[in-house]
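These are the residues of each chain, in order.
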Amino acid sequence: MATPTKPPPEFGHQLRQYFGFEADYVNLNNGSYGSVPVPVSAATEATFSSIEGNIDRFVQLHLPEHLDPARHRMARFVGAGPEEIVFVPNASHGLNTVLRNFVWNKEDIIVIATTTYNSIERTAQYISDLPPHPSVSIFQLNFPTTRASVLQDFRVHVDALNAELQAAQAKIGDGTRLKIVAVIDSIISKPGAYLPWKEMVSICRESGVLTVIDAAHSVGQEPNINLSEAGPDFWVSNCHKWLYAKRPCAILYVPERNQHWIRSSFPTPYSYISPKELPENLGPSHFHSAWYDIILTALRVVIYSPMALAALDFRQWLGGEQKINDYCHSLALSGGRLLSRLLGTPLLDPTGEFTLNMVNVRLPLVPSTPDNAITHETLMRNLLEGWRVSAMPFRHNGGWWVRVSAQVWNEISDFEYLAKALKDSCEKLESKYRRMGPAKL
């Protein structure tokens, strides 16, 4: 069972007992790795032990019935059909699965942003580095800004690329259909900002641009996800960050209209069917069988996948999605304002239009502070070992910021404590650079 028998306590520090935190650790960085509730972890290990009791029986006879209830429930949770959802280890794995399944042309264009998650930016560049060398176009996205400005600028960017693609299509004729594939964050990692991704999908759809949504932070944080209504072409979200599932656990959404693009899971399974053998649309049955077969190389992923069920049960015990996210969102807003006042620095999103359960505040560091290993190691060591608190410093648009995640185990006093830790950490970092000499700053 992933749900305790007694009613839950009030949100805040009383809930820490249901997570495996060290007694003096203040966790304000849920966005990076997630945190597993103790009951969910126990349910996971019980499932693992049961499977190990007769692994052959599980793999040969019971794998689909083990996966399907979790897949169906997660599909309902995100507003998708059950034949459109599969489990993958994490968002990066799912995004690579999609991007590496496309058959690229030299004239094709991959759209990313200046805020695209670093490993996905590198994936796009890697694909461009391989023959036939599709190009990478970078959408400039800097904060502070407004949602209206993001949409206006994105439309201009897409329209310009579409005109370029149409000119290239006219040159080569209709024999090869060229494409633009836009990788869009639903919630950016750094800064932790909620983009108008559904409207961006609509802009792309109007121009025939394929959309791949990096929704790593969405499930468990973004309310009212309805993929059937939003209509992205591909969408991937972690379940081990904000949903409380045990790592690794993520879901990949591919609507049936696009499943012909995904001819192989990653890694390629023994059930792969070559287009030479069966060139027509393989359909949803093949789409799922590919993920059943990678059990042989990723068994632990499959074991953890149904723990999304345990996580959902735990969240229901807490009071449900609205109660959880109302608390976290309110705390992110009030905690961000407090942190901004105590540090004497601005909020990245003063109006709150980009804020869900993560808030970003400027750090009291000079803009010339280098973005290097010394800076990151000094800040993180002092925070984690000196103050026993976690948050995520990062550089953006010429300044230094900190991303803070609000969760059900946090209270406003955690933000006050973090302010003291950040002041001390920034002072120690600048003192270190002064000792190293003015040329370092």
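The shown structure was predicted, so the numbers you read here are calculated from the model rather than taken from an experiment.

What counts, and where the lines are drawn
- Per chain, the residues get numbers from 1 upward, laid out in the order the sequence is written.
- Selection of residues for local features in this predicted model requires a pLDDT of at least 70, selection of side-chain atom pairs for listing and counting requires 80 or more, and totals for whole chains, interfaces and linings are taken over all residues.
- Excluding hydrogens and water, the side-chain figures rest on all heavy atoms present in the structure.
- Note on method: axes are straight lines fitted to C-alpha atoms, helices fitted across the in-contact stretch only, with angles between N-to-C directions ranging 0 to 180 degrees.
- A run of DSSP states H or I qualifies as a helix once it reaches four residues; a run of E qualifies as a strand once it reaches two. Both are numbered from the N-terminal end.
- An angle below 35 degrees is read as roughly parallel, one above 145 as roughly antiparallel, one from 65 to 115 as roughly perpendicular, and any other as oblique.
- By convention the crossing between two helices is left-handed if the near helix lies anticlockwise of the far one by an angle smaller than a right angle, and right-handed if it lies clockwise.
- Contacts: residue pairs with any heavy atoms within 4.5 Å of one another.
- When residues are sorted by character, Ala, Val, Leu, Ile, Met, Phe, Trp, Tyr, Cys and Pro go into the nonpolar class, Asp, Glu, Lys and Arg into the charged class, and all the rest, Gly among them, into the polar class.
- Pairing between strands is defined by DSSP: at least two bridges between the two strands are required.
- Think of it in three bands: residues with accessible area under 20% of the maximum for their type are buried, residues over 50% are exposed, and the middle band is partly exposed, with areas taken using a 1.4 Å probe on protein chains only.
- Salt bridges are identified by distance alone: a Lys or Arg side-chain nitrogen within 4 Å of an Asp or Glu carboxyl oxygen.
- Take the buried residues of types Ala, Val, Leu, Ile, Met, Phe, Trp, Tyr and Cys, join any two whose side-chain atoms come within 4.5 Å, and each joined set is a nonpolar core.
- Between the rings of Phe, Tyr and Trp (Trp by its six-membered ring), a pair exists once the centres lie within 6.5 Å; its type follows the angle of the planes, with under 30 degrees stacked, over 60 edge-to-face, and the other angles tilted.
- In this scheme, the term charge over a ring applies when either NZ of a lysine or CZ of an arginine sits within 6 Å of the ring centre and within 35 degrees of the ring normal.
- Given a helix with a known number of residues, its expected span is that number minus one, times 1.5 Å.

(A) Inspection of the packing of helix H6 (residues 147-172) against helix H7 (residues 197-206) at higher detail. Packing of H6 against H7 leaves a shortest axis separation of 10 Å and a crossing angle of 25°. When the axis of H6 is compared with that of H7, the two are roughly parallel. For the crossing formed where H6 meets H7, the hand is right-handed. Between H6 and H7, the residues in contact are Val150, Leu151, Phe154, Arg155 and Val158 and Glu199, Met200, Ile203, Cys204 and Glu206, respectively. Across the contact of H6 with H7, the residue classes break down as seven nonpolar, no polar and three charged.

(B) A look at the sheet that holds strand S2 (residues 85-88). Pairing is mixed in the open sheet, where seven strands are placed in the order S2-S8-S7-S6-S5-S3-S4. Edge positions in the sheet fall to S2 and strand S4 (135-139), since each has one partner strand and no second. Ignoring strand direction, the axes of neighbouring strands in this sheet form an average angle of 20°. By the bridge criterion, three bridges tie strand S6 (residues 210-214) to strand S7 (residues 234-238) in an arrangement that is parallel.

(C) Structural detail: the pairing of strand S3 (residues 109-113). Among the five residues in S3, five count as buried, and that is most of the element. Residues Ile109, Val111 and Ala113 of S3 are buried on one face, and the alternating residues Ile110 and Ile112, pointing to the opposite face, are buried as well. Bridge count for S3 against S4 is five bridges, and the pairing is parallel. Looking across to S4, one finds that Val111 is bridged to Ser137. With three bridges joining them, S3 and strand S5 (residues 180-185) adopt parallel strand pairing. Across the sheet, the residue bridging to Val111 is Ala182, located in S5.

(D) How the structure looks around the pattern of salt bridges. Here the structure, examined in full by the defined rule, presents 14 salt bridges. Here Lys179 ties to Asp108 by a salt bridge, and the two come within 2.7 Å at their closest N and O atoms. Placement of the pair is Lys179 in the loop between H6 and S5 and Asp108 in the loop between helix H4 (91-99) and S3, with a sequence separation of 71 residues. For the pair Lys179 and Asp108, one class covers both residues: buried.

(E) Looking closely at the nonpolar core. Within the largest apolar cluster, 80 residues are counted, with the highest numbers of intra-cluster contacts made by Met74, Val78, Trp197, Trp235, Tyr244, Ile251 and Val408. Not counting residues within four places of it along the chain, the set of residues in contact with Trp235 comprises Val78, Trp197, Ile213, Ala215, Ser218, Val219, Ile225, Leu227, Ile251, Leu252 and Tyr253. Among the nonpolar cores identified, the runner-up in size contains 29 residues, and Leu338, Val359, Leu429 and Tyr433 belong to it.

(F) The packing of aromatic side chains, seen in detail. Following the criterion strictly, the structure yields 16 aromatic pairs and no others. Taken together, the aromatic side chains of Tyr18, Phe19, Phe21, Tyr25, Tyr244, Phe314, Trp317 and Trp409 make up a single cluster linked through ring pairs. One residue, Arg315, lies across the ring of Tyr244, its end atom 4.9 Å from the ring centre. For Lys323, the ring lying beneath its charged end belongs to Phe11, and the centroid distance is 4.9 Å.

(G) Spotlight on the pairing of strand S11 (residues 392-396). Taking burial as the measure, the five residues of S11 include four buried ones, the bulk of the element. Sheet topology note: the S11/strand S12 (residues 399-405) ladder contains five bridges and is antiparallel. Counted as the bridge partner of Met392 is Arg403 from S12. The hairpin turn running from S11 into S12, its antiparallel successor, is two residues long, and Asn397 in that turn takes a positive phi close to 55°.

(H) Representation of H6. In this model H6 runs 37 Å from its N-terminal to its C-terminal C-alpha over 26 residues, within 8% of the 38 Å that 1.5 Å per residue would give. Turning to H6, its buried residues number three or more, namely Arg147, Val150, Phe154, His157, Val158, Leu161, Asn162, Leu165, Ala168 and Gln169. Taken together, the buried residues of H6 touch S3, S4, S5 and H7. Positive phi shows up at Gly173, right after H6, with a value of about 85°.

(I) Fine view of the sheet that holds S11. With antiparallel pairing, the three strands of this open sheet are ordered in space as S9-S12-S11. Of all strands in the sheet, those bounded by a partner on one side alone are strand S9 (358-362) and S11. For this sheet the average axis-to-axis angle between neighbouring strands, irrespective of direction, equals 35°. Pairing between S9 and S12: five bridges, direction antiparallel. Bridge assignment links Val359 to a residue of S12, and that residue is Val404. Contacts from helix H12 (residues 321-343) reach S9 and S12 within the one sheet, and its direction differs from that of S9 by about 10°.

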